[in-house]
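Here is what each chain is made of, one letter per residue.
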Amino acid sequence: VLSLLSINRFAIGRAYYISLQGNDVNPGTKAAPFKTIDKINNIRLNAGDTVYFQSGQTFKGTIEIDSVTTGNQSHPIVIRSYGKGIATIDADSAGAISLYRTQYIAIRHLHLKGAGRKNGNTKSGLLMVGCNHIQVDSMEVSGFQKPGVLVFTSTEIILRFINAHDNGSAGITIEGDLGKKNSKNILIRYCRAENNPGDPTNLTNHSGNGIVVGNCKNVLIDQCTATNNGWDMPRIGNGPVGIWAYEADSVIIQHCLSYRNKTS
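Note that this is a predicted model, so its numbers are computed, not measured.

Chemist: Looking at this structure, how should I read the confidence of the model for the protein chain?
Modeler: Summarising the model, the protein chain shows a mean pLDDT of 94, and 96% of its residues fall at 70 or more. Overall, residues 1-11 carries pLDDT values under 50, and its contacts beyond four positions in sequence, including any with other chains, amount to 26 contacts.

Here is the structure:
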């Protein structure tokens, strides 16, 4: 059974606002916001804190959270947009959000954008490594050479309403250490993987999958869609798949639609 992280709990921590009209010497309030992602990366967030990016604006850089920054079950750390619409995190050639050995983080209502799988980007859009109790909700992820979302050796992960499109390797990938199945208790629901054509640098294995889960245990993929993936995989050989699992234990794929996926 998944230990679910509620995103509806009332935050008791501090709210930090980021706007292009702000300044990093400001206190980070809604009336006097910060301006850059770098400022947030240099603040130690605490349980219950919320980071708000102003909707309709584009912020350049990578949001980085490591083991120094963790929420708790009652009061996760939340990263999201505020105002009408969503904010964009423009990572250019890098990744947009990196979570490393952290826990109880909720991310929602953001667009993660890379330079493009053949235009200079070499990373994943959202990367989580060694994490626990992470919830990602209502996200668009596009323009990354590797997976739009990559979950590695992490547990108690919820991915919902993610639109991962125009990435290279895959829309969404779950992975663990070879043979250990140490990514586990993962829910992927109401997600869409569309037009993830392939990783132009991968000449030895498949790429261009929609949703792929491997070296993992206890995964539910529910009411998801994968379409028009895999058409530009550079390798001639084993092809990509719309939604699939390998080297995995206890995986359920239900009420999903996988259609018009391709190989080179």
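Following the structure, the description resumes.
Chemist: Got a minute to help me understand the packing of aromatic side chains in this structure?
Modeler: Aromatic ring pairs are described here by two measures, namely the spacing of the ring centres and the angle between the planes. For the structure shown, the criterion picks out 7 aromatic pairs. A ring pair is formed by F53 and F59, whose centres lie 5.1 Å apart and whose planes are at 65°; its orientation type is edge-to-face. Ring geometry for W244 and Y246: centres 5.4 Å apart, planes at 35°, overall tilted. Owing to a relative accessible area of 26%, Y246 belongs among the partly exposed residues under this scheme. Every member of this aromatic cluster is reached through a ring pair, and the members are Y17, Y52 and Y82. A cation over an aromatic ring shows up here: R117 above the ring of W231, its NZ or CZ 5.6 Å from the ring centre.

Chemist: Is there a simple way to explain the environment of S124 in this structure?
Modeler: With respect to the element layout, S124 can be found in the loop between β8 (103-114) and β9 (126-129). When the C-alpha atoms of S124 and A96 are compared, they prove to be 7.7 Å apart, with 28 residues separating the residues in sequence. Only 3.4 Å separates the side chain of S124 from the backbone oxygen of P147, close enough to count as a polar contact.

Chemist: Sorry, what's going on with unusual backbone geometry here?
Modeler: Keep in mind that most residues, glycine aside, have a negative phi and that most peptide bonds are trans. One non-glycine residue, H109, lies in the positive phi region at around 55°. With respect to the helices and strands, the residue H109 is situated in strand β8. The class of H109 is partly exposed, set by a relative accessible area of 27%. Phi is positive for R260, close to 55°, though the residue is something other than glycine. Assessed through its relative accessible area of 67%, R260 is described here as exposed.

Rules used throughout
Residue indices follow the written sequence of each chain, beginning from 1 at its first position. Where local features are concerned, this predicted model is filtered to residues with pLDDT of at least 70; where side-chain atom pairs are given and counted, the filter is 80 or more; whole-chain, interface and lining totals use all residues. Calculation of side-chain values draws on the structure's entire complement of heavy atoms; hydrogens and water are dropped beforehand. For every residue, the pLDDT score states the predictor's confidence, bounded by 0 at the bottom and 100 at the top. A contact between two residues is defined here by any heavy atoms of the two lying within 4.5 Å. Only rings of Phe, Tyr and Trp enter the pairing, Trp through its six-membered ring, and a pair is recorded when the two centres are within 6.5 Å. The plane angle decides the type: under 30 degrees is stacked, over 60 is edge-to-face, the rest tilted. Think of it in three bands: with a 1.4 Å probe and only protein chains considered, a residue is buried below 20% of the maximum accessible area for its type, exposed above 50%, and partly exposed in between. Lysine and arginine charges are scored as sitting over a ring when NZ or CZ, respectively, is within 6 Å of the ring centre and within 35 degrees of the ring normal. Strands are runs of DSSP state E lasting at least 2 residues, helices are runs of H or I lasting at least 4, and numbering of each runs from the N terminus. Think of a polar contact as two N or O atoms within 3.5 Å of one another; within protein, one of them needs to be a possible hydrogen donor and the other a possible acceptor, and neighboring residues in sequence only count if both atoms come from side chains.

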